[in-house]
Each structure stands twice: as C-alpha cells, then as structure tokens.
Amino acid sequence: MSIPATPPRSLAEALRTRDDASLAALLRSRPDLITPVPTDLTQLATRAGTRASVVRALERLDRFALQTAEALAVAADPAPYDELLGLMAGDARDPAVVNALPRALATLREQALVWGADDRLRLVRTARELLAPAPQHPSPTGLGPTVAEATAGMSPGRIQEIVTAAGLPSTHDSVSAVASLTKLFTTRRRMKALLAGAPEESLDVLTRLVWGPPYGQVTADPAARLRWLLDRGLLLPTAPGTVVLPREVALHLRAGRAHRATEPLAPAVEAKATHRPQVVDTTAAGQAYTALSTVEELLKDWDEGGPTVMRAGGLSVRDLKRTAVALDLAEPVAAFWVELAYAAGLLASDGEADERYAATPAYDEWLEQPAAQRWARLAETWLTATRTSGLVGGRDAKERTLSALGPGLDRSAAPEVRHRVLGLLAGLPEGASPSAESVLARLRWERPVRGAGGAQRSAERSAESAQGDDDLRSRLARWTLSEAEMLGVTGRGALSAQGRALLGPRGAAAAHADASDSSGPGDKLPVHHRPPTPPEPLAPAEQAVASAAAARLLAPLLPEPLDHVLLQADLTAVAPGPLERPLADTLDVLADVESKGGATVYRFTPGSVRRALDAGRSASDLHDFLTAHSRTPVPQPLAYLIDDVARRHGHLRIGAASAYVRCDDDAVLSEILADKRSAGLRLRRLAPTVLAAQADPAALLDGLRAMGFAPAAESAAGDVVITRAHAHRTPPRTAPDPVPDGPPTPDTTLLSAAVRAIRAGDRASTTPLKPTTAPSPTGELPRTGSAETLATMQAAVLTGGTLWIGYVNAEGSASQRVIAPIRVEGGFVTAYDHTADEVRTYPLHRVTGVAELAEVEVEEA
C-alpha cells in the first residue's frame, strides 16, 4: 500500500501506511488485538487504544522503552524528535541514550503506542493518561504539571503579579502572560539569570523538589525563602496549603532530563564461575537421575492411596510434612516434586467419597519408558506449567493459606520467566554459571515493575508483590534457578547440554544472538543498543521435538541399570547403582531402604521377610532370588533369618468369624492367652486349637504380629490369603492445563489470515462506492432487495467486478466481505473472497445487501 503524502491524522491512518509484515509484527506482539479479528484497521486502532490493551503493552516494554514512553507523556503533544531526545539525553546529550533512542522509539511504534512522523510524535491517548503527571498518581519521571496546567484556576491579577515579579512585562490577558512565563522558564540563559539572584535557602527548596515528588506543603504565611519562589512562579499553588514545582522549572534544574537516570543498556549477565562442560553435563545427569528416583519414591509411598484431599482442595500442612519426612527433603522441595508430578499428569485425586491422592494410570505408562524419556517429560512439564510450588505456604489476596495441589498456585508469567532465565543462561559460554543478582537485574530491566504512576497492577500481582526483589518475576526467577538445578536442567549453576536442547534451536539461537548483541560494535547502530531478543515459548509440536533432542543427549550420561546387589553379613544389601525394575520391585518388598545416594543400602528384617512371604513367595523362592542376583554369597545370618521367619509364618491362621485364631499346637494358643498384651483382643478358647476374638481380622493380625508372632490370614475355604503388593490408581486423568497470560501468540498462518481479513474489511469500509449504488450508513451492512442483489451479482460475474456484501451466517453473526463473483446459480453465489483469500460459496438468502466498489487496485495479501 502506498504511503500517503499527507501526515496521518489518526492511529488508524498510521496503521494504513504499514505493510503486511509490520501489521503482522504488531499482532504478534499484542495478540489481544486479534481476539477476535478486527473487521478493519479503524477497529484495530480503536482496540489498540483501549485501557486494558495499552496496560498489557506497557507492561511488556523494557525499561528504556518505558522511560521513552514516560518522557513522551510529559512532552508536548505532538512532540518533535528533538524534544524527546532532549528529555531523554539531557543538555549533555548522553551518547548511549542518543544511540539507543531510535530503537526504543521503533519499539513503541511497532507496538502502536506511538504514531506520527519524527516531527509530530504522538503517544496514544490512553498511554498518555496512564503515564502523564496527575495529582492522583505522580508521573514516574517525578515531574509535575506545566505552568499552563498549574495556573489554570488562578486569578488573572495574581498571574500578572507573578509575571511582573519575574521581570517580565505585563500583558493584557492571562493566556499571553502564561505563555510569557513559560517561555522564560524554558529559556536556559534567562532562567540562569533569574536563579542567580535567588537566596540560597530558596535554591535548597528547589533542590529538594526537583526529582520529585514535586509537591510541597506551605503555611498561610510562607517563610521568606518560599515567598521569593511563589512571587516569581517558581512554585505555584495547587490547593490551599499545597504548592507544586512547575514542569518547566524542574526540567531546567535537571538539565533537560525527564529521568534522574536513564538505562539505555540491558545489564549484562555476569558469570560467577566457569566449569568444564563435561562436568556440568554429568552433574546435571546425576541430578536428573535423582529427580526420577524422587518422583518414583513419592508415588510409591502413595501406592495404597495417598493423603486425603482437603475440603478446599490440596494437601494439608500435616500431610506435606509427612511426605517431606518420607522423602527426606525440606517441605518446599517436597512441594515442588508433588506439584511437578501433578502437573505431569502422574498424580491426581481418585474422586472417591473419601477422596485421596494417588498415582494415575499414566504413571504406570511413564514407568515403562526409558529413563531419559521420563526425565524429558518432567522437564518439559516444568518448563511449560503455570503451577508454581514456591507459593505454597504463602497467602492469597483473601489471606487464605496456599496449599500444595490446591487452587491459587497458577501464575501465568511462570513459563515465560523460566524460558527467559534459561535463555540468559544459554547466552553465556558453555560451562559458565551466572550470579543470581545479575540475572534478576536483567529481568527487571526487560520487564520493569510499574510504579505508582503507571497502570494499575492486577489483583493477583498487588496481593503478592512487594518492594525490590520481592516482585513476582524476581521470585519466579529465583525459583527457576533452584528448580532447574534440582531437575538436572542445570549442573553447578550452568546450563547443561540437555537443558540447552530443551529450549529448541530457535530459543538457543535467540539466546546466542542476544549474548553477541551485548558485546560488540555494529555497522550502523551499536549492537549493545539493539533490542534484546528473548526466546518465546515454543509451540507444543516444537517443544516435543526439543524434549526428544534433550532426552537423546541425556541418555548416554545416565547410569545403566544393574541386575545385581552385594549382600553383606550385617543383613544388608548394597545396590551400587540403579537397579533393573523387576529386581528393584522385588527388593523393595523383601527389604527396607536404609539409605540412599550413589549406592542404595537395603536392610533385611523379620518384618520385611514376612512381607515377602505374605506376597506369595516361599522360602526357597527367596533363597533362589538372592543367589541369582547377588555378586557375593548369601550370608548365613540372612539365610537363617529367612528360614526362621518362614518356619513360623502361617503357623497361626486367622480367619473371619468375627475373627478366629487356629493353630495345631495348642501350647502356642495358651501362650497367647497368657500374654497380657492380648487383653485388648478379647480372646477366648473355643477348642484346644481355636481361639475366637472380638476384633476384626486385620486388627488381630496386627496385634499378634506386634506380640512377635507370624500369623497368616486365611480365606473362608481355609487357604492362606496371599497379600500381593498392589497399587491404588485413580481413574484416567488428564494433566492440568496451564493458565495462559492472555491470548496465545498467534502462529504465522493465523497472522497471515488475520492481516488479509483486516485488509479486506478496510477496503470495504474505505473504498468509495459507485455513484449508482446508494451507500450504507457508516458501520452498517449494505442493504439491497433480493432482486437487486441477484442482478448486481450476475453483472459482476460478467464484468469481473468486485463487490462489498453484508453476510449473516447460520449462527446469526453478521460480517462484511469483499468478493469477486465467479458463478451465480441455484440460489448460491460462488466467489473469490478477498477476506479469506479463497473461493467460497454463499447462499444468496443470507446476503443482506451488495454494493459495487469503485475501480481501485485490489491489493493481494
């Protein structure tokens, strides 16, 4: 589209001068603008100026671009580029600011926050309202109102007194008097002369107000130092007892700068230590193996049904503590693994009346996968999930405690922050670990926390944000660094090879470009002034490919599972590494885990051996198993332990009457009756070999085992009941969906279609109609009768003309379309739809009206 000769008079006209690539860049950076797709560029401009959309756009600016917008908010409207440059670079013209300002202005233009040529720069009205100084919310620049704004309610006589005291000639009206005073305050030479005669105490007052806040309190009878300033308009009253430093005076005292300190350069991420890449990768691989073991141990602990679900949802504090003790971890770390398993779909509530948490069927499928693929699923889930375990134990906006697995833990910014932190690590040399403070400083520059003069924060952010490093993004970044280390994405603080692959080729390339942009000179614009290029989160398909690549890199670094243990004479077995699953599962039943680490130590006890016998194993099975899987001979104490427990196992039989005990040896039953510990079971002898109890079979089993016996349960048929280890599973569950931060970033296909639709709608609304056709009122669909519609369609088929039609679909939704009719028959028109860029067929009875467009060049998308 050709650029008009006259300057644009509105944002909509400015958008019409853009090419398709520029429009697509705008829609990609502000996806809320195409939800739904605007009908034309006028509607797009209107939507881009709404408060919610502008607030979102401002919150995604880097610090220097935001400072540029803040400077424009206190500049004239419109403002020439030189005025903006003076506000940003000051009278000294800081070279770094001079070089970086074109980039910041280009960013604001691309975001449709600024429009107009360099000689007439305009900040969109909503952004100016949000950023400009006002008594309700001071400007982030610390500047106050202009002289004209501050004197708006002042009497003409008082204005003339100020003009005279300032050494200016009196005027006939207040407007010219204010203009004369403004010219004085904006002329450096004349202001220096005026302030040269000021008392030292008066200059001290100006110094205290110059960087804001610009308001001060005075009494009804001001001191001499204040009276001198008030008489000359260097302080102006705004309300009884309140004065303000005019913007022009403050800018003179600041040497023209709108900000006390501008930050044109993104802070560099500093490396605090450097390790060999091989050391980083192997360390990360060890952490990845530990992560898999921790998740397996967590869900194995909940095999019989985990903690109950609280009425409000989530784990109770007591259950989280118990889980942390079972995993030998701190409670925040245990909360992280619980939340990660839940986000991965490996853990959910079972939905029963007595609702409990348990593993899902997907967990069993996950266990069958190779270790590297299991890790990749956990890492991908962590990278993309909005669940934030670091919030556990905190409070929400209503002062309710946030619990693990409970509501209120989703933070839509979490995936973006995790991607960005890993991207910053990827920009460092391989093996370099950054300092946490430099990472936080970079993130704060890229997404600064808005001050009181900016847009209102959301309720979520205001409920949990504080000052300094306590803002949400900084806390997310700190959690990301620690969680990435626990998960094995980083090793010794540096990004591992598998972590780099997890970002995908696009993310790694963007991080590399970002790093190189901050270290060397460029051809036209110094590259350290170029905009940072944070990698965006990958699409699901791209992320799946990246995760598979990360798994391939990790697989060779993980230890191979072993098929043997080392039995020792102290009734322990040492597994020198990870065990094959069948061996590990059997050993978990036969022995208790005593310690973990590089090697796992199992201890055999009478209770663990009895557990294996209850699961249906015989003594000979256990001897054969240990002989087959031990690299050392089976120690005699262990063999004796197995035989002794097996000999006593099942000697007593317990079944259901209420419950009974039978034994062929009546002396054993007599011994039980004589034992005081059996009193609670309320046993009585029915026969020499049978005792009856007023307790259920399970309680009777536990009671006799506590007394040192090894009873076995039996069925109604008299057979021993084999209590094989079983796992409680939930019904099939899907992993929780992330909570997005607004509309998702549109892909190339959607952007192309949206631009075509907007262009076509804009042509329909701006192209003049032929004089023979009565135009519809602005914003309304064309209205014609059915006969005229049919005749116009048929004529367009013969002439190849382009028509503007109104169309109502089957759902009753009305739209405007630009079509080129190809064929009209059977009550349908087949036409090329410029809006959709394809041939479509429309029922004529749904066409509300038709209008011929004037002969103009139809632009192809």
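Here, every reference points to the structure presented above.
Reading the values: the criteria
Residues numbered from 1 in each chain as written. Predicted model: local features only at pLDDT ≥ 70, side-chain atom pairs only at ≥ 80, totals over all residues. Heavy atoms only, no water. Helix = DSSP H or I, 4+ residues; strand = E, 2+ residues; numbered from the N terminus. Buried < 20%, exposed > 50% of the residue type's maximum accessible area, 1.4 Å probe, protein only. Contact = heavy atoms within 4.5 Å. Areas by Shrake-Rupley, 256 points an atom, 1.4 Å probe, with all protein chains shown as cover. Pairing = 2+ DSSP bridges. Axes fitted to C-alpha atoms, helices over the stretch in contact; angles between N-to-C directions. Phe/Tyr/Trp six-rings, centres within 6.5 Å; stacked < 30°, edge-to-face > 60°. Lys NZ or Arg CZ within 6 Å of the ring centre and 35° of its normal. Parallel < 35°, antiparallel > 145°, perpendicular 65-115°, else oblique. Left-handed = near helix turned anticlockwise from the far one by under 90°. Salt bridge = Lys/Arg side-chain N within 4 Å of Asp/Glu carboxyl O. Core = buried A, V, L, I, M, F, W, Y, C linked by side-chain atoms within 4.5 Å.

A. Layout of the overall build of the protein chain. Helix and strand content of the protein chain: 35 helices and 25 strands. For the protein chain, the residues scored as buried account for 48% of the 861 residues in total. When contacts within the protein chain are restricted to residue pairs at least 6 apart in sequence, long-range pairs at least 24 apart make up 66% of them. Roughly 40000 Å² of accessible area belongs to the protein chain as shown, and the carbon and sulfur atoms make up 54% of that amount.

B. Local environment of the sheet that holds strand β4 (residues 236-239). Taken together, the three strands give an open sheet; going across it, the order is β3-β5-β4, and neighbouring strands pair in antiparallel fashion. One side of each edge strand has no neighbouring strand; the edge strands of this open sheet are β3 (215-217) and β4. When the angles between neighbouring strand axes are averaged without regard to direction, this sheet yields 40°. Both β3 and strand β5 (residues 242-244) contribute to a ladder of three bridges, which runs antiparallel.

C. Quick peek at the sheet that holds strand β22 (residues 814-825). Pairing is antiparallel in the open sheet, where five strands are placed in the order β24-β23-β22-β21-β25. Two strands close off the open sheet at either side, each with one partner strand: β24 (838-843) and β25 (847-852). Strand-to-strand, the axes of this sheet are offset by a mean angle of 45°, without reference to chain direction. The sheet contact formed by strand β21 (residues 803-808) and β22 spans six bridges and is antiparallel. Its bridge partner being in β22, Gly806 is matched across the sheet by Gln816.

D. Inspection of the pairing of strand β23 (residues 828-833) at higher detail. Pairing geometry for β22 and β23, over six bridges, is antiparallel. In the strand pairing of β23, Val824 is matched with Val829. Remark: two residues form the turn of the hairpin made by β22 and β23, two consecutive strands paired antiparallel; Gly826 in that turn has positive phi of roughly 60°. Strand direction decides the pairing type here: β23 and β24, joined by six bridges, are antiparallel. Pairing of Asp833 across the sheet is with Glu838, part of β24. Linking β23 to β24, which pair antiparallel, is a turn of four residues; within it Asp837 sits at a positive phi near 60°.

E. Inspection of the packing of aromatic side chains at higher detail. In total, this model carries four aromatic pairs according to the counting rule given. Directly above the ring of Trp366 sits Arg374, whose terminal nitrogen or CZ lies 5.4 Å from the centroid. Across the ring face of Phe625, the terminal group of Arg617 is positioned such that the distance to the ring centre comes to 5.9 Å.

F. Molecular detail of the packing of helix α21 (residues 414-426) against helix α24 (residues 472-487). At a minimum axis separation of 9 Å, α21 and α24 run at an interaxial angle of 60°. Compared by their axis directions, α21 and α24 come out oblique. Relative to α24, α21 is oriented so that their crossing is right-handed. On α24, the residues that touch Ala414, Glu416, Val417, Arg418, Val421, Leu422 and Leu425 of α21 are Arg473, Leu476, Ala477, Thr480, Leu481, Glu483 and Ala484.

G. Quick peek at the pattern of salt bridges. On inspection of all chains with the given rule, the structure shows 34 salt bridges. Between Arg729 and Asp364 there is a salt bridge, with its nearest N and O atoms 2.9 Å apart. In this pair, Arg729 sits in the loop between β20 (712-713) and α34 (748-766) while Asp364 sits in helix α19 (residues 361-367), placing the two residues 365 residues apart along the sequence. When salt bridges with common partners are traced through the structure, they connect Arg60, Glu416, Arg447 and Arg473 into a single cluster.

H. Expanded view of the nonpolar core. Judged by nonpolar contacts, the single largest core of 93 residues is most densely connected at Leu27, Leu44, Phe185, Leu234 and Leu235. Among the elements that line this core, the one with the most residues is helix α5 (residues 63-73), at seven residues. Residues in contact with Leu44, not counting those within four places in the same chain, are Leu15, Leu23, Leu26, Leu27, Leu33, Pro38 and Ile758. In this structure, Leu299, Leu428, Leu476 and Ala550 belong to the second largest nonpolar core, which totals 65 residues.

Note that every value here comes from positions in space, so none of it alone points to a role or purpose.
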